[in-house]
Amino acid sequence: MKRLLALLVAASWMGGTLSPPALAQEGQSQRITLQLSGIDLVTVLKDLASQANLNIVVSRNVAGKVTLFVKEVDLWDAWDLILASNELACVRKENLLYVLPLREYEQAYGRPYSDPRVAKTLTLKHAKAFQTAAVLNQAKSPLGQILVDETTNTLFLLDTPEALRRLEGMGTAMDQPTQRETFTLNYAQAKDLAPKVKEFLTPNLGALKVDERTNSFLVTDTQDQLAELAEMIHLFDRRPAQVLIEAKIVQVALSDKFQLGVDWIYLANKFVTVKGLGALNLASGGQLKIATPEPEAQGDYKVVLEALRTFGETNILSEPRITALSGQEAKILVGSKEPYVTTQISQAGTGTSVTAEQINFIDVGVKLFVTPTISRDGFISMKIRPEVSSKTGTLTTAQKNEVPIVETSEAETSLLVQDGATIILGGLIKEEKSKDHQRIPVLGDIPVLGLLFRSTKDTTKKTELLVFLTPRLITGERQ
């Protein structure tokens with residue numbers, strides 16, 4: 001049997017062309033390109049059977065025209081599509097194909113045709129056929145097949161009736177006119193919100209462009225999807241809540257009686273009613289003690305400070321106030337920056353050594369890192385990380401540079417407090433050792449004999465740092 005291509009060239013009046021590849025070897029699939037417009041159905045079936053090296057017998061009741069445009073599809077996919085779209089059945093016995101109408105098949109064999117699939121043509125107006133097919137291929141049944149004609153932007157669907165209805169509905173939903181809309185953000189960052197916006201776009205249809213300069217989105221999608229995106233963006237682009245953190249950093253020079261630090265149990269029983277007593281182990285040893293005064297003592301630092309004088313001399317080192325956005329870290333530093341010098345030796349182009357010195361700084365003192373997060377019920381979750389460091393000596397390097405040796409105590413905890421409630425953090429104890437020299441004037445300066453009139457005493461001084469934190473919700477609006 002001659003190829004259909006040669007037949008159509010000889011009889012071009014039939015109005016279509018078919019360009020099948022050479023015959024495939026046995027067991028291999030063949031891919032063909034079909035461009036058929038009003039071609040006789042029997043002629044097409046005969047040529048496809050010829051490509052598969054099979055003989056064909058066509059019932060006299062088979063008639064009609066075929067219009068089909070597909071590119072590089074499997075030969076048997078095209079065969080099945082033509083049969084299904086024309087309500088035909090096929091019986092194969094060895095190298096013989098018998099094609100007949102479905103009704104004739106049921107009358108001859110007494111049962112429905114075994115292939116449950118039906119065909120549907122879906123011409124798209126807005127969506128791209130190859131993009132839509134990529135999505136529908138994930139939703140078709142195991143028996144389903146989807147062919148694409150990019151020339152006419154048409155999909156040929158072959159599947160069970162139930163799956164076909166689903167595919168048709170999905171294809172119709174995707175074939176919607178698109179619009180463009182710009183969303184300018186006021187508070188959120190466009191680059192950070194972009195991944196969430198992409199999750200809402202219609203697959204293989206919606207598009208998103210981010211302009212970091214103007215902090216805006218350019219979104220292309222259907223009208224309904226753009227409306228949902230507008231609600232989602234409005235939800236995330238809200239003015240963030242703020243927290244005013246009032247802090248007091250108090251130093252207590254502990255008396256000999258309370259060398260282990262402030263006794264909160266003793267304080268609670270004698271002076272100030274506190275609740276929420278707890279402790280957290282410090283990285284350098286000891287414990288970070290946490291307490292919350294009862295409402296009658298909230299905000300009245302004088303009461304607490306007077307009570308602390310029982311344990312030793314008190315001194316307020318700092319009273320910083322800082323505002324932080326919900327979920328953003330705030331940092332408070334009360335101390336100094338200790339300088340130290342590093343030396344870098346490099347070889348110049350002339351072979352001589354060039355020595356360069358660089359001055360570096362390290363923070364020493366009290367550092368407090370607070371990250372407040374506001375919940376919907378008005379409570380404030382606070383992630384607190386206090387750090388106390390002091391210079392205890394120096395280390396001399398080979399280049400005669402002195403690097404400070406810093407001793408650090410730090411801890412990290414999370415607390416849930418009410419707006420305006422006060423938290424007290426204690427247990428940050430620092431020990432300083434020193435030598436006290438005493439002598440009697442004149443007599444103490446006499447050589448040898450002066451040893452009788454002067455003395456040296458080792459002393460140890462312990463101080464405890466207490467941090468008072470009071471978070472307050474603020475709106476940021478002018479009152």
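Residues numbered from 1 in each chain as written. Predicted model: local features only at pLDDT ≥ 70, side-chain atom pairs only at ≥ 80, totals over all residues. Heavy atoms only, no water.

A. Up close: the overall build of the protein. Of regular secondary structure, the protein possesses ten helices and 24 strands. Among the 479 residues that make up the protein, the fraction classed as buried is 41%. By sequence separation, contacts in the protein at least 24 residues apart represent 65% of the contacts at least 6 residues apart. Accessible area of the protein: about 28000 Å², with a carbon and sulfur share of 49%. (Helix = DSSP H or I, 4+ residues; strand = E, 2+ residues; numbered from the N terminus. Buried < 20%, exposed > 50% of the residue type's maximum accessible area, 1.4 Å probe, protein only. Contact = heavy atoms within 4.5 Å. Areas by Shrake-Rupley, 256 points an atom, 1.4 Å probe, with all protein chains shown as cover.)

B. Structural view of the sheet that holds strand 7 (residues 118-123). The sheet built from three strands is open, its strands ordered 7-9-8 with antiparallel pairing. Of all the strands in the sheet, just strand 7 and strand 8 (145-149) have a single pairing partner and so form its edges. Across the sheet, the mean angle separating the axes of adjacent strands is 15 degrees when strand polarity is ignored. Examined bridge by bridge, strand 7 and strand 9 (residues 154-159) share six bridges and lie antiparallel to one another. Looking across to strand 9, one finds that Lys120 is bridged to Leu157. (Pairing = 2+ DSSP bridges. Axes fitted to C-alpha atoms, helices over the stretch in contact; angles between N-to-C directions.)

C. Representation of the nonpolar core in the model. Of all hydrophobic cores here, the largest spans 36 residues; its most connected members are Leu45, Leu68, Trp79, Ile82 and Val99. Elements with a contribution of two residues or more to this core: strand 2 (31-40), helix 2 (41-51), strand 4 (65-74), helix 3 (75-85), strand 5 (88-93), strand 6 (96-101) and strand 9. Other than its neighbours up to four places away in sequence, Trp79 contacts Leu45, Leu48, Ala49, Ile56, Cys90, Leu97 and Val99. The next biggest cluster of nonpolar side chains, apart from the first, holds 22 residues, and it includes Ala247, Val417, Leu425 and Leu465. (Core = buried A, V, L, I, M, F, W, Y, C linked by side-chain atoms within 4.5 Å.)

D. Looking closely at the packing of helix 7 (residues 190-200) against helix 8 (residues 223-236). Remark: helix 7 packs on helix 8, axes separated minimally by 10 Å, with the N-to-C direction vectors making an angle of 150 degrees. Classified by the angle between their axes, helix 7 and helix 8 sit roughly antiparallel to one another. At the point where helix 7 passes helix 8, the crossing takes the right-handed sense. Judged by residue contacts, Leu193, Lys196, Val197 and Phe200 of helix 7 engage Gln225, Leu229, Met232, Ile233 and Phe236 from helix 8. (Parallel < 35°, antiparallel > 145°, perpendicular 65-115°, else oblique. Left-handed = near helix turned anticlockwise from the far one by under 90°.)

E. Local environment of the sheet that holds strand 3 (residues 55-58). In space, the three strands of this open sheet follow the order 3-6-5, with mixed pairing throughout. Each of the sheet's edge strands pairs with one partner strand only, and the pair in question is strand 3 and strand 5. The sheet shows a mean angle of 20 degrees between the axes of neighbouring strands, direction not considered. Direction of pairing for strand 3 relative to strand 6: parallel, over a ladder of four bridges. Bridge pairing links Asn55 to Leu96 in strand 6. Each of strand 3, strand 5 and strand 6 is contacted by helix 2, which is oriented at about 160 degrees to strand 3, the strand it contacts most.

F. Local environment of helix 2. Helix 2 sits mainly inside the fold: ten of its eleven residues count as buried. By the burial criterion, the buried members of helix 2 are Leu41, Val42, Thr43, Val44, Leu45, Asp47, Leu48, Ala49, Ser50 and Gln51. With its phi angle positive at about 60 degrees, Asn53 sits one or two positions after the end of helix 2.

G. Expanded view of the packing of aromatic side chains. In this structure the tally under the stated criterion is one aromatic pair. Taking 5.7 Å as the distance between ring centres and 75 degrees as the angle between the ring planes, the aromatic pair formed by Trp76 and Trp79 counts as edge-to-face. Remark: Trp79 and Trp76 occur in helix 3; sequence separation between them is three residues, near one turn of the helix. Taking the relative accessible area as the measure of exposure, Trp76 reaches 29% and is therefore partly exposed. Seen from the ring of Phe369, Arg385 lies directly overhead, with NZ or CZ sitting 4.0 Å from the centre. (Phe/Tyr/Trp six-rings, centres within 6.5 Å; stacked < 30°, edge-to-face > 60°. Lys NZ or Arg CZ within 6 Å of the ring centre and 35° of its normal.)

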